[in-house]
Amino acid sequence: MNIQFLFKEVKIDERTKEYVSQKVEKLGKFFRSLKEDAEVSADVEIDIDKKGKFRVEVMLYTPHAKYRGEDTTESVE
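Rules used throughout
- Residues numbered from 1 in each chain as written.
- Predicted model: local features only at pLDDT ≥ 70, side-chain atom pairs only at ≥ 80, totals over all residues.
- Heavy atoms only, no water.
- Helix = DSSP H or I, 4+ residues; strand = E, 2+ residues; numbered from the N terminus.
- Contact = heavy atoms within 4.5 Å.
- Phe/Tyr/Trp six-rings, centres within 6.5 Å; stacked < 30°, edge-to-face > 60°.
- Buried < 20%, exposed > 50% of the residue type's maximum accessible area, 1.4 Å probe, protein only.
- Pairing = 2+ DSSP bridges.
- Axes fitted to C-alpha atoms, helices over the stretch in contact; angles between N-to-C directions.
- Core = buried A, V, L, I, M, F, W, Y, C linked by side-chain atoms within 4.5 Å.
- Polar contact = N/O pair within 3.5 Å; in protein donor to acceptor, adjacent residues only side chain to side chain.

> Please clarify how the environment of Glu39 should be interpreted in this entry.
With respect to the helices and strands, the residue Glu39 is situated in the loop between helix H1 (14-34) and strand S2 (41-48). Along the sequence, Glu39 and Pro63 sit 24 residues apart, while their C-alpha atoms lie 6.3 Å from each other. Other than its neighbours up to four places away in sequence, Glu39 contacts Tyr61, Thr62 and Pro63.

> Sorry if this is basic, but what is going on with the packing of aromatic side chains here?
Geometrically, a pair of aromatic rings is defined through the distance of the ring centres and the angle of the planes. Counted according to the given criterion, the structure contains one aromatic pair. Ring geometry for Phe5 against Phe7: centres 5.8 Å apart, planes inclined by 15°, an arrangement best described as stacked. Phe5 sits in the partly exposed class, given a relative accessible area of 21%.

> How do you make sense of the sheet that holds strand S4 (residues 66-73) when you look at a structure like this?
Two pairing modes exist for strands in a sheet, parallel and antiparallel, and in both the strands are linked by backbone hydrogen bonds. With mixed pairing, four strands are arranged side by side in an open sheet as S1-S2-S3-S4. Each end of this open sheet is capped by a strand with a single partner; those strands are strand S1 (2-8) and S4. The average undirected angle you get between the axes of adjacent strands in this sheet is 10°. Here S2 runs beside strand S3 (residues 54-61); their pairing, made up of eight bridges, is antiparallel. Of the residues in S3, the one forming a bridge with Ala42 is Leu60.

> What am I meant to see in the pairing of S2 here?
Consecutive residues of a regular strand have side chains that alternate between opposite faces of the sheet. Here S1 pairs with S2 via seven bridges, running parallel. Following the sheet pairing, Leu6 is matched in S2 by Glu45. Where S2 folds back onto S3 in an antiparallel hairpin, the turn is made up of five residues, including Gly52, whose phi is positive at roughly 90°.

> Looking at this structure, I do not really get the nonpolar core. What am I missing?
Side chains of nonpolar character tend, in soluble globular proteins, to be buried together. If you look at the biggest cluster of nonpolar residues, it comprises 15 residues, and the most contacted ones within it are Val24, Val44, Ile46 and Val76. Those elements that provide at least two residues to this core are H1, S2 and S3. At four residues, S3 tops the list of elements feeding residues into this core. In this structure Val76 touches Ile12, Thr16, Val20, Ile46, Phe54 and Val56, once residues within four positions along its chain are discounted.

> For this particular structure, what's the right way to read the side chain of Thr16?
If you trace the backbone, Thr16 turns up in helix H1. A polar atom in the side chain of Thr16 sits 3.2 Å from the side chain of Glu77. Among all residues touching Thr16, those that are not within four sequence positions of it are Val76 and Glu77.

This is the structure in structure tokens:
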């Protein structure tokens with residue numbers, strides 16, 4: 001699975017990046033289980049607002065649709 005990260009005004013350590021990658025991979029496995037040759041990729045955008053909260057957005061691209069999820073929270077995990 002191809003996962004691309006975009007960090008806006010925030011530094012993320014390797015452990016956190018790996019954690020996010022594992023979670024996104026689990027989503028990709030769901031779509032590959034439905035159709036084995038499904039090409040799944042993802043864009044992950046992480047930024048921080050003025051109040052110090054993280055915003056994480058995940059765009060998941062499958063052969064037939066795009067899926068988007070977003071959350072704003074105190075921690076990326």
